[in-house]
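Below, each chain spelled out in residue letters.
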Amino acid sequence: MIRHLAEATGRDLCFEELTPGQTRQEWGTPGSRPNLSLFQAFKQIPGVGDADVVDMYLKTTPTPNEYGTTVTDTVEQGTGRPPRTFARWAVEHARHFRP
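Now for a look at the structure at hand. On a predicted model such as this, the values are computed, not experimentally measured, just so you know.

## Observations regarding the packing of helix 2 (residues 20–27) against helix 4 (residues 50–60)
Relative orientation of the contacting elements helix 2 and helix 4 amounts to 150°, with a least axis distance of 10 Å. Remark: the crossing between helix 2 and helix 4 carries right-handed chirality. The segment helix 2 lies against helix 4, with Pro20, Thr23, Arg24 and Trp27 engaging Val54, Asp55, Tyr57 and Leu58. Per-class residue counts for the contact of helix 2 with helix 4 are 5 nonpolar, 1 polar and 2 charged.

## Regarding helix 1 (residues 2–9)
Because an α-helix packs 3.6 residues into every turn, residues spaced three or four apart end up facing the same way. Among the residues making up helix 1, those that are buried are Leu5, Ala6, Ala8 and Thr9. Along the axis of helix 1, the buried positions cluster into a sector of 165°, meaning they face one direction only. Exposed and facing more than 90 degrees away from the buried side of helix 1 are Arg3 and Glu7. Check the buried side of helix 1 and you find it contacts helix 7 (86–92).

Scoring rules and cut-offs
Residues numbered from 1 in each chain as written. Predicted model: local features only at pLDDT ≥ 70, side-chain atom pairs only at ≥ 80, totals over all residues. Heavy atoms only, no water. Axes fitted to C-alpha atoms, helices over the stretch in contact; angles between N-to-C directions. Helix = DSSP H or I, 4+ residues; strand = E, 2+ residues; numbered from the N terminus. Left-handed = near helix turned anticlockwise from the far one by under 90°. Contact = heavy atoms within 4.5 Å. Nonpolar A, V, L, I, M, F, W, Y, C, P; charged D, E, K, R; others polar. Buried < 20%, exposed > 50% of the residue type's maximum accessible area, 1.4 Å probe, protein only. Arc of directions from axis to C-beta.

Here it is, written out as structure tokens:
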């Protein structure tokens, strides 16, 4: 996905995935966790801390697999428009990723 965004925007982009341990360490440091609605949603539940939310996030957001990266006709059936690849989407929305 980063390669497609880099090509569409003409920017030099890279992605460095954190290991689960690095994610726990970085997101567990006060002021360094990302602004995810997931943290806000569980903030008010007694006994659920940031570490619990990070573990839940890591269990529910694995690296994309074939089901998340394969273009099918499901979109066209639901919207009446043909599906597009992420590369095509990136070209169409490149302006949103430029400084």
